[in-house]
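# Architecture and fold: a report
Below, each chain spelled out in residue letters.
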Amino acid sequence: MAVQRSSLRAFLATARGSLRAAIDSSQKITFVIGNESADLDSMTCSVLYAYLRSMSPPRNAFASVYVPITNIPASGIQMRPEFVELFKHANIESRHLITLDDLPELSMIQSKLPPENTNWILVDHNALQGQLGKIYSGRVGGVIDHHDDEGKVPAETGDEPRVVDRSGSCTSLVTEYCRQAWDLLSSSGTPSGAANAQGDSSSDDSAIVAAWDAEAALLGLASILIDTSKLQSEDKTTSHDTKAVEYLEAKIMACPEVSGTYDRNRFYEAMDTAKKDIGRLQLQEILTKDYKQWDEKDEKLGISSVVKAVAFLRQKAKSESIGDDDIDGAFLGALQEFAKERELDLYSLMTTSTSSDGEFRRELLVWGFSEAGVTAAQEFANDCREELGLEEWSGEGGYNGQGDGFWRHVWWQTKVQHSRKRVAPLLRKAMT
Ligand SMILES: [Mn+2]
């Protein structure tokens, strides 16, 4: 049975109710989950897929509701000012988002959500990581993603998608996959009486549906515009992204209330400004905000992506340090603390920033902490120098170093088209 057509806000309440029912009375449940970094793309594609799919499920759906899970505790939402900004446009609030805090505690999860009662659709990644991966990776039943295919999702996924393709934003692939179903939903109006239930007899069905569609369209547009620099990044933008933006903007144009105020550039600027507004976060939060980890055999790799340059993080470290600690010691100490807490063998920090003359830049820091990590870091430095265009870093503070069981280097990564999507596989390769 399909979920009734509703707004995003109402849908998220329904999904939360289904999750409770699954836990309290052993109902079957389908989760739609984004990757561990829980960036904007992961959040929007899980919510959008779950929303559209719950209202137009395939005939043999595993469960009637698709529950979107954002792969962070609820406290992580405030670390992502771009989420909070977007929620205003999509008419939802932070408290509506379903997060890891809504799942049972890890020690109880297997008994409260037995794997056989669950089905997992992965979006924006294609291998379930971490603790959830240990318990539920055998229950993955579909994927839509734009990272390298790790071959972990079965080739046959029945009525669920198995889409792994190159695109700037995974949300573009989700939009593409769902558009037929979405168009049907747009044309079939509200469940009977919704207009009256809202206490406004003058508003007709189609206006309500158009407003719901526009809110969902804004949710999707935010990620695609951010991930492709409003379709202007030649390296990132694909035809999937261009077509998805066209499709979603048409949904906005169909809603006079929203189309009157929508402007692509202004919307992008609002999102981009919010995303870079990390000044009030603690350094450890900044390193956590867009973090991914891979556990390879016995070795652990972690990569933090940050939207500000090393110079900013260095000042941040100074402002947080007590007494007259030297600034570089404080900065390195903070990175080390982050890596040690996670028992990493290899840690990498990737920054993006714009130079004073408007040039997009990337810095890359790699730090090996164990014998295996040091070997991997050095191998990476040798093998990838050319592909990534690694050049000696010229910023303030000398961060290259080596010693007993550690090796550390920082570069300008001049081939700026390569994001973590490329750097992570290279670091992982060096570790094997
Ligand atoms: Mn993505």
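Residues numbered from 1 in each chain as written. Predicted model: local features only at pLDDT ≥ 70, side-chain atom pairs only at ≥ 80, totals over all residues. Heavy atoms only, no water.

Cut-off, in case you're wondering: UniProt positions are given in the numbering used here, feature names are shortened, and annotations may be inferred rather than shown by experiment.
The protein chain goes by DHH phosphoesterase in an unreviewed UniProt entry, where it is assigned to Massarina eburnea CBS 473.64. In its Cofactor (unreviewed entry) section, the UniProt record describing the protein chain reads: "Mn(2+)".

### Thoughts on the coordination of the manganese ion
Here is the rule we go by: Here a donor is any nitrogen, oxygen or sulfur atom (N, O, S) within 2.8 Å of the metal, with 3.2 Å used for Na, K and Ca; water is not among the atoms considered, so some sites may look incomplete. What counts as a helix is a DSSP run of H or I of at least four residues, what counts as a strand is a run of E of at least two, and both are numbered from the N terminus. Burial classification: accessible surface area is computed with a 1.4 Å probe over protein chains only, and a residue below 20% of its type maximum counts as buried, one above 50% as exposed, and the rest as partly exposed.
Around the manganese ion, the donor atoms from the protein are Asp41 (OD), Asp124 (OD) and His146 (NE2), and they sit 2.2 to 2.3 Å away. Sequence spacing of the donor residues for the manganese ion, all on one chain, is D-x82-D-x21-H. Highlighted residues: Asp124 in the loop between strand E3 (118-123) and helix H5 (130-136) and His146 in the loop between strand E4 (140-145) and strand E5 (162-164), separated in sequence by 22 residues. The two residues Asp124 and His146 agree in class, both being buried.

### Brief notes about the pattern of salt bridges
Applicable threshold: We define a salt bridge as a contact between a side-chain nitrogen of Lys or Arg and a carboxyl oxygen of Asp or Glu at a distance within 4 Å.
Under the criterion given, the structure shown has 23 salt bridges. With a closest N to O distance of 3.0 Å, Glu93 and Arg9 form a salt bridge. Here Arg9 lies in helix H1 (residues 8-25) and Glu93 lies in the loop between helix H3 (81-90) and helix H4 (106-112), a separation of 84 residues in the sequence. For Glu93, a relative accessible area of 32% corresponds to the partly exposed category. Judged by its relative accessible area of 28%, Arg9 is partly exposed. As a salt-bridge pair, Asp272 and Lys276 come within 3.1 Å of each other at their nearest N and O atoms. Pair noted here: Asp272 and Lys276 are both in helix H11 (residues 264-276), with a separation of four residues, about one helical turn. Classification of Asp272 as buried rests on a relative accessible area of 14%. For Lys276, a relative accessible area of 34% translates into the label partly exposed.

### Description of the packing of aromatic side chains
Under the convention used in this document: Pairing of aromatic side chains requires ring centres within 6.5 Å, counting the rings of Phe and Tyr and the six-membered ring of Trp. Pairs whose planes differ by under 30 degrees are stacked, by over 60 edge-to-face, and all others tilted. A positively charged side chain is recorded as over a ring if its NZ (Lys) or CZ (Arg) lies within 6 Å of the ring centre. The angle to the ring normal must also be within 35 degrees.
All told, the structure shown has 16 aromatic pairs when counted by the stated rule. An aromatic cluster of at least three residues, connected via ring pairs, comprises Phe331, Trp393, Tyr399 and Trp412. For the cation-ring pair, Lys308 lies above Phe312, with the distance from its terminal atom to the ring centre recorded as 5.3 Å. For the cation-ring pair, Arg342 lies above Phe338, with the distance from its terminal atom to the ring centre recorded as 3.7 Å.

### Considerations on the sheet that holds E4
How we decide: The criterion for strand pairing is that DSSP finds at least two bridges linking the strands in question. Note on method: axes are straight lines fitted to C-alpha atoms, helices fitted across the in-contact stretch only, with angles between N-to-C directions ranging 0 to 180 degrees. Contact between two residues is taken to exist if any of their heavy atoms lie within 4.5 Å; hydrogens are not considered.
Strands sit in the order E2-E1-E3-E4-E5 across an open sheet of five strands; the sheet is parallel. The outermost strands of the open sheet, each flanked by one partner alone, are strand E2 (66-69) and E5. Pairs of neighbouring strands in the sheet enclose a mean axial angle of 25 degrees, with direction left out of account. The pairing of E3 with E4 spans four bridges and is classified as parallel. When the bridges of E4 are listed, Ile121 appears paired with Gly142. The strands that H1 touches are strand E1 (29-33) and E2; relative to E2, the one it contacts most, it runs at about 100 degrees. The strands that helix H2 (residues 40-55) touches are E1, E2, E3 and E4; relative to E2, the one it contacts most, it runs at about 170 degrees.

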